[in-house]
Amino acid sequence: MRRVLAGLALLGLLTLTGCRGWAQAQVMLGVPAKVEIEGVEYRTGFYDDSLWLQDRLPRSEEEFEVGGKVFRRMEQGEFDCVWARIGPKTGGMLYCREDQWDEAKAYYGDGENFDYYCIIGAIEAREGDKQIFEIPEMDLEKFDALKKHGGTFDYDPFDLVHNKAAEYKEITIDTRKIDPRPYISFYKDSRDGIFTSYKAHYFFVMEGKLYQARYHNQSEEVVAAVEVPEETGEYFVELIEGLLEK
């Protein structure tokens with residue numbers, strides 16, 4: 001039963017993959033690059049598309065309609081921003097005041113302005129099965145390398161070319177012989193509470209090495225996975241072991 005649940009969770013991962021090519025998606029969806037509200041110009045694109053807005057962010061009740069789209073002011077964060085439920089992500093998009101745009105881009109582009117976390121048991125059936133650890137000293141280069149690996153080798157049901165390109169490093173694991181759980185995810189939250197990073201790249205440790213789970217074939221009871229490069233993998237395996245010893 002637990003194996004089936006894990007498989008279902010991995011299958012659920014496929015529907016959560018983010019859109020690639022944010023700029024392209026904006027054009028496709030008719031998302032404006034700039035808007036003017038009460039004589040002040042706001043511009044989007046100041047944060048990386050690997051970042052997602054946190055849930056339930058405080059926003060003003062006052063609404064501003066621009067080009068048929070509704071905007072509301074943010075009531076949290078380091079900068080003067082407005083929000084609209086537009087764009088390729090379900091949480092909508094932020095626009096930053098033009099005269100603060102460069103500063104905001106630098107702030108959210110600096111990994112030192114984020115807190116880092118590890119979820120062990122990331123896709124277990126019950127919320128209580130998860131363990132979330134804060135990582136006080138993260139190697140930012142290693143974190144970025146792991147996130148890049150996650151984006152390169154994730155499984156996207158809507159992008160056959162991407163999936164085919166990733167298959168050359170793929171191995172299959174018989175889950176009847178080796179249970180790859182617990183699944184592990186790493187993410188970061190901006191310290192002003194506005195952004196989080198993508199949490200649906202799942203990893204596991206097997207024989208002292210770190211692997212990324214791509215998808216689960218439930219009928220054949222196999223997990224398709226890709227080994228994380230040695231230097232990055234060793235860092236995170238050691239980190240995980242240290243967290244579990246606490």
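Structure shown above.
A brief structural summary. (Residues numbered from 1 in each chain as written. Predicted model: local features only at pLDDT ≥ 70, side-chain atom pairs only at ≥ 80, totals over all residues. Heavy atoms only, no water.)

## Remarks on helix 4 (residues 140-153)
Residues separated by three or four positions in an α-helix point in the same direction, a consequence of the helix having 3.6 residues per turn. Taking 1.5 Å as the rise per residue, helix 4 with 14 residues should run 20 Å; its terminal C-alpha atoms sit 20 Å apart, in good agreement. The set of residues buried in helix 4 consists of K142, F143, L146, H149, G150 and F153. Axial view of helix 4: buried residues confined to an arc of 125°, hence all on one face. Helix 4 presents E141 and K148 as exposed residues on the side facing more than 90 degrees away from its buried surface. (Helix = DSSP H or I, 4+ residues; strand = E, 2+ residues; numbered from the N terminus. Expected span 1.5 Å × (residues − 1). Buried < 20%, exposed > 50% of the residue type's maximum accessible area, 1.4 Å probe, protein only. Arc of directions from axis to C-beta.)

## Looking at the sheet that holds strand 6 (residues 81-84)
Pairing is antiparallel across the open sheet formed by 6 strands, whose spatial order is 1-2-7-6-5-4. Sheet topology places strand 1 (34-37) and strand 4 (59-66) at the edges, where each strand pairs with a single neighbour. When strand polarity is set aside, the average angle formed by the axes of neighbouring strands in this sheet is 35°. Strand direction decides the pairing type here: strand 2 (residues 40-43) and strand 7 (residues 93-97), joined by 2 bridges, are antiparallel. The residue of strand 7 that forms the bridge with R43 is C96. (Pairing = 2+ DSSP bridges. Axes fitted to C-alpha atoms, helices over the stretch in contact; angles between N-to-C directions.)

## What about the pairing of strand 7?
Burial runs high along strand 7: 4 of the 5 residues are buried. For strand 6 and strand 7, the ladder comprises 4 bridges, and the chain directions are antiparallel. Bridge assignment links W83 to a residue of strand 7, and that residue is L94.

## Focus: the environment of I194
The topology assignment puts I194 in the loop between strand 11 (184-190) and strand 12 (195-197). I194 gets classed as buried once you look at its relative accessible area, which sits at 1%. Note: C-alpha distance between I194 and L53 (141 residues apart in sequence) is 5.9 Å. I194 has contacts with W52, L53, Q54, L57, M74, Q76, G77, L94 and Y108, leaving out every residue within four places of it along the chain. (Contact = heavy atoms within 4.5 Å.)

## Thoughts on the pairing of strand 5 (residues 69-74)
Note that strand 4 and strand 5 share 5 bridges and pair antiparallel. Bridge assignment links E65 to a residue of strand 5, and that residue is V70. Adjacent in sequence and paired antiparallel, strand 4 and strand 5 are bridged by 2 residues, among which G67 carries a positive phi angle near 60°. One ladder, built from 2 bridges, connects strand 5 with strand 6; its direction is antiparallel. The partner of R73 across the bridge, within strand 6, is V82. Joining the antiparallel neighbours strand 5 and strand 6 is a turn of 6 residues, in which G77 adopts a positive phi near 115°.

## Brief notes about unusual backbone geometry
Most peptide bonds take the trans configuration, and most residues that are not glycine carry a negative phi. Its identity is not glycine, yet R56 carries a phi of approximately 55°, on the positive side. On the secondary structure map, R56 appears in the loop between strand 3 (51-53) and strand 4. Even without being glycine, E207 reaches a positive phi, approximately 55°. Within the secondary structure, E207 sits in the loop between strand 13 (202-206) and strand 14 (209-217).

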